[in-house]
Structure formats: C-alpha cells, structure tokens
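If you want the building blocks of each chain, they are given just below.
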Amino acid sequence: MSLASVSRMEAKLLLPTYERQPILFVRGRGVYLWDSEGKRYLDFLSGIGVNALGHNHPAIQATIKRQAGRLIHISNLFFHEYQAELARLLTEISGLDRAFFCNSGTEAWEGALKLARAFAQANNNFAKANNGSKPKTRILAMDNSFHGRTFGALATTGQPKYRAPFVPLLPGVDFVKFNDVEDLKRKFDSSVCAVCIETIQGEGGICPVNPEFLELASRLTKESGALLVLDEIQCGLGRTGRHFAYQHYGVLPDVVTVAKPLACGLPLGAILTTERVASCFHPGMHGTTFGGGPLACAVAIEFLREEKKLLKHVRIVGEYFQAALRELDKKHKSIQEVRGAGLMLAVELDSAELAKAVAKQLLQKGIIINRTHETVLRFLPPYIIQKKHVDQMIQALDAALRDNAESTKTATAEKESTGSKRRRAVHAHA
Ligand SMILES: *Cc1c(COP(=O)(O)O)cnc(C)c1O
C-alpha cells in the first residue's frame, strides 16, 4: 500500500488523535530507517526513546523468534520463566527490591499512584500519629510534567492542554512549580502521600530536576512517611549514561516507573519499589492480563544485557553530542539553551516557527528529530549512535538553523534588544 492510500484510509477510519508526518516506514536497521520509496533516514528519535538498541538488533530479533516459537502469553495466573529473572536484573541495577510488570508507561504510572495511596492507607497509624485525623491522600505533582494519557496520569500531568478536555480528573492532586524549593515547602505537609517527579522532564522540553529540589523532596517525604515517586519512563534504563537518572544525584526513590526502551518496542512497563512499600499490596489489589508476558520479558532481559554494555558509550557519545550542540549555541543567536544528559538532549530555540522549520528541513534531509513543547528540538537517538552520526546531524542542524534564521528574523531582533541568551544549570549530576 502506498503512503497516499494509507493516509486516506486512516483519515477516514481512525480516531483523529495524531498528526503524522507524511512518511510510510517499511523497515529499519541499526540507526537507519527506510520509507516506502526507498529513502533512508538517520534516526535521532528512536520512536520516542523506545528503540534504544536501534532497529532490528540481532540479539533482539533472535530472542523474539525463539520465544515466539515457544510461548507468547500465559496470563498472570501461572508462572513463566522470565518475570523473576527480569525483576532480579531491574532490582539489581535500581537499588530497589521488587517489581510489578505492565504494558505501558501510563499504566506503570497508574500503578505507582495506587501504590502511594495504598501505602498511606496501610500506614494510617503513622499518619494519624503525625497529623491527627487529616487523611494522607494528597499527591504533589510538578508543573510542566508528563505522566501519560490515562486518567490518573492526566490528573498528575502539569500541562493544562492535556488535562482540560477531560475534567473532572482524579481529586487530591496539587501542582508544585518545578524546581521551586519554596513552593514545595509551602505545599508539602503531612496530608501528602506522594511527591511525583520526572527526574528529567521529557515532553516538557528535557528539563532536569535540580539537585537541591530533589534532595528536599527526598527529605520531606522520608520525614513524613510519604513516598518519593520518580517517573523514569523516558530518562531511565541507560538513556542518560547511567541505569537511572536519579543515580546522577545520589537520591534513592521509594518508587520508580520505567517503560519506553524496556522491551525494545514490545509493550512493557514496570514499577520498581522497596520491600517496605511493596508489602502494602496483597493478591487481588492490582493486576493485568497482558503485562509481563513471556515474550516481552524475554526481550527485556536481552535489552538489559545490552544496556549494561552501552552505558559508557552513551556517556562518551552524549558528551561529544552535547559539546557539539554548545558550539552551535555560540554560533546561532536563535539558540536559547542546550539541555540534558547522556543521549537525552535538547536545544531550545527562540521561536516555534523556527523549531518547526528546522525539524522539517532535517526530515527532508533524512534525519529524524522531534519538536516538543513548541520551541524545543528533542534528541533521543538509539544508544548505539556513533560520533560520525552526531557529526552528520550537527552539520544538517547547523545548516537548517542558518537557512531558516531569515524566517524568524523578528524574534531574533527582539532577543538582541532584550539582551543575551538565557543561562542556567543544564547538567544532571551528583
Ligand atoms: C512516554 C511517557 C509516559 C507515558 O508512557 P506511555 O507508554 O505512552 O503510556 C509517561 N511518563 C513519561 C515521563 C513519558 O515520557
């Protein structure tokens, strides 16, 4: 089928939820994708951080073939060979004790919210001793965050555009200004059961949490018996050059969610937590039909084997990439800021039109990136990306910024009159 016929049928038959780029992809290998006309693309987005090992990785392909020939689904009524082993690997790298498997990021997040409420309820005595009769049910979430599309995730997503069409949402959620220590102090009290943070905000434009903010959240939750819940669905599992982004900070959360790259494109998410928190769940309180099936778990085990080997490479290529973006920053007035860690990087531009035009030109040149939060160019390449691919991308980006500067001259002139570039801490580090 051609792009034209597919897009005509979709326009008639699907819910109108997506604005797709007019490209029909038919295969991929490593860092490259090919469309229906045989044009090759360099992938700097990896399906929004999912294809971390690139496309068609030989070990992943072999595992899928082998396992598909044995057993794909069994339900959580029975044992299969891979959940325990995958949980062992995830707890080993996270420093947490137990895992729950589900099918997506948003579903992992829903489970984490349920865990926070259930834990507070199970520890009611602790809460009562602290605050008399006030129920410990409030959830603090961050402005500018993104946790998914289901109702609980929406209720904790601090971007009004995602929430507004669906109100009323889950009650008991309050938003804190991201990285604003005073605002967190003001809004936190013993009625809070969880503080929810993306260690590096993804959809929100690649914004790392500040060390002092995360440390305060960790201290406040510890002192009052609330939970620190980190969403590492985008920034976790090697993306920043460590297994988890919180490992750059030396803070250990009570609960962490992961998903995107976990099963290399098969649907799989996980909640990781401590022994203490896990003990508030009992059989029947939470579950899933598909989640943690043998095929997805077998693939995830294989992914973690590769991820471990790639961490150092992610750090080295990530630093090389970030340094190159900083060189562009010096050269182009339209660049406001370069942010991120490892291979989760972003360039904030001074106008949405420019960002749109740059992303479009790169796509025409055969390089896939993504624009998020209007003005931010987001880079989430596969971990296997090499310096030569970064060079190719930087060259194209340099040209696109130059070629499209004209169309946004007004914004640039405005910036020159208001002063220089914004500067702020960009690194997530210990
Ligand atoms: C993508 C994402 C989600 C939602 O994951 P889905 O698999 O799309 O449900 C939640 N949190 C963060 C930080 C994400 O990047």
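Keep in mind that what you see is a predicted model, and the values were worked out from it rather than measured.

A.B. asks: Please give an account of the packing of helix α3 (residues 58–68) against helix α12 (residues 294–331) that cites residues and values.
C.D. replies: Between α3 and α12, the shortest axis-to-axis distance is 9 Å and the interhelical angle comes to 155°. As the angle between them shows, α3 and α12 are arranged roughly antiparallel. Helix-helix and strand crossings are classified by hand; for α3 and α12 the assignment is right-handed. Counted together, A59, I60, T63, I64, Q67 and A68 of α3 and P294, L295, A298, V299, E302, F303 and E306 of α12 form the full contact between these two elements.

A.B. asks: I'd like a description of the pairing of strand β11 (residues 255–258), backed by residues and values.
C.D. replies: In β11, alternate side chains face the same way, and those of V255 and T257 on one face and V256 and V258 on the other are all buried. The pairing of strand β10 (residues 227–231) with β11 spans three bridges and is parallel. Residue L230 lies in a different strand from β11, and its bridge partner there is V256. Inspection of the sheet shows β11 paired to strand β12 (residues 269–273) by four bridges, in the antiparallel sense. Among the inter-strand pairings, V256 is bridged to a residue of β12, identified as L272.

A.B. asks: Quick rundown of the sheet that holds strand β5 (residues 138–142)? Include the residues and the values.
C.D. replies: Overall, mixed pairing links the seven strands, which are arranged β4-β12-β11-β10-β7-β5-β6 in an open sheet. Single-partner strands in this sheet number two, and they are β4 (98–102) and β6 (173–176). Averaged over all pairs of adjacent strands, the angle between strand axes in this sheet comes to 20°, irrespective of strand direction. As paired strands, β5 and strand β7 (residues 192–198) are joined by three bridges and run parallel to one another. Of the residues in β7, the one forming a bridge with L140 is V195.

A.B. asks: Describe the environment of G49, naming the residues involved and giving the relevant values.
C.D. replies: Residue position: G49 is located in helix α2 (residues 46–49). For the pair formed by G49 and C196, sequence separation is 147 residues and the distance between their alpha carbons is 21 Å. Those residues in contact with G49, other than ones at most four positions away along the chain, are R239, K260, P261 and L380.

A.B. asks: How would you summarise the packing of aromatic side chains if you had to cite specific residues and measurements?
C.D. replies: Centre distance and the angle of the planes are the two values used to describe a pair of aromatic rings. This model, assessed by the stated rule, comprises eight aromatic pairs. Arranged with centres 5.2 Å apart and planes meeting at 65°, the rings of F146 and Y162 form a pair that is edge-to-face. Highlighted residues: F146 in the loop between β5 and α7 (151–155) and Y162 in helix α8 (residues 160–163), separated in sequence by 16 residues. Ring centres 6.5 Å apart and planes at 50° place the aromatic pair F303 and Y383 in the tilted group. A residue pair is termed long-range when its members are at least 10 positions apart, and F303 in helix α12 and Y383 in the loop between β17 (376–379) and α14 (387–405) qualify at 80 residues. What makes F303 buried here is its relative accessible area of 0%. Directly above the ring of W34 sits R27, whose terminal nitrogen or CZ lies 4.3 Å from the centroid.

A.B. asks: Explain the sheet that holds strand β14 (residues 344–349) to me, using residue names and the numbers behind them.
C.D. replies: Read from one edge to the other, the open sheet built from four strands follows the order β13-β14-β17-β16, with strand pairing classed as antiparallel. Only two strands of the sheet have a single neighbouring strand rather than two, namely β13 (335–341) and β16 (370–372). Direction aside, the axes of adjacent strands within the sheet are offset by 25° on average. For β13 and β14, the ladder comprises six bridges, and the chain directions are antiparallel. Bridge assignment links E337 to a residue of β14, and that residue is E348. Relative to β13, α12 is tilted by about 170°, and along the sheet it contacts β13, β14 and β17.

A.B. asks: For the packing of helix α13 (residues 352–364) against α14, give the residues involved together with the corresponding values.
C.D. replies: The N-to-C vectors of α13 and α14 enclose an angle of 135°; their axes lie 9 Å apart at closest approach. Classified by the interaxial angle, the pair formed by α13 and α14 is oblique. Of the two elements, α13 crosses α14, and the hand of that crossing is right-handed. Across the interface between the two elements, L354, A357, V358, Q361 and L362 from α13 touch M393, A396, L397, A399, A400, L401, D403, N404 and A405 from α14. Considering only residue class, the contact of α13 with α14 consists of 11 nonpolar, two polar and one charged.

A.B. asks: Give a description of the site of the ligand that names residues and reports values.
C.D. replies: All residues adjacent to the ligand are S104, G105, T106, F146, H147, G148, E198, D231, I233, Q234 and K260. Within the backbone of G105, one N or O atom sits 2.8 Å away from an oxygen atom of the ligand. Between the ligand and the protein, one listed contact pairs an oxygen atom with a side-chain N or O atom of K260 at 2.6 Å. Taking 380 Å² as the accessible area of the ligand by itself, protein coverage stands at 82%. Grouping the amino acids of the shell around the ligand by side-chain chemistry returns two nonpolar, six polar and three charged.

A.B. asks: So what's going on with the environment of V256? Which residues, and what values?
C.D. replies: Mapped onto the secondary structure, V256 falls in strand β11. Owing to a relative accessible area of 0%, V256 belongs among the buried residues under this scheme. For the pair V256 and S94, spaced 162 residues apart in sequence, the C-alpha separation works out to 8.8 Å.

A.B. asks: Talk me through a nonpolar patch on the surface; I want residue IDs and the actual numbers.
C.D. replies: A cluster of nonpolar side chains, M1, M9, L13 and L14, forms an exposed patch at the surface whose accessible area comes to about 470 Å². With respect to the helices, strands and loops of the structure, M1 is situated in the segment before α1 (3–13). Taking relative accessible area as the criterion, M1 reaches 74% and is therefore assigned exposed.

Conventions and cut-offs
Residues numbered from 1 in each chain as written. Predicted model: local features only at pLDDT ≥ 70, side-chain atom pairs only at ≥ 80, totals over all residues. Heavy atoms only, no water. Axes fitted to C-alpha atoms, helices over the stretch in contact; angles between N-to-C directions. Helix = DSSP H or I, 4+ residues; strand = E, 2+ residues; numbered from the N terminus. Parallel < 35°, antiparallel > 145°, perpendicular 65-115°, else oblique. Left-handed = near helix turned anticlockwise from the far one by under 90°. Contact = heavy atoms within 4.5 Å. Buried < 20%, exposed > 50% of the residue type's maximum accessible area, 1.4 Å probe, protein only. Pairing = 2+ DSSP bridges. Phe/Tyr/Trp six-rings, centres within 6.5 Å; stacked < 30°, edge-to-face > 60°. Lys NZ or Arg CZ within 6 Å of the ring centre and 35° of its normal. Nonpolar A, V, L, I, M, F, W, Y, C, P; charged D, E, K, R; others polar. Near = heavy atom within 4 Å. Polar contact = N/O pair within 3.5 Å; in protein donor to acceptor, adjacent residues only side chain to side chain. Areas by Shrake-Rupley, 256 points an atom, 1.4 Å probe, with all protein chains shown as cover. Patch = residues over 30% accessible without salt bridge, like charges linked within 9 Å, V, L, I, M, F, W, Y side chains within 5 Å. Salt bridge = Lys/Arg side-chain N within 4 Å of Asp/Glu carboxyl O.

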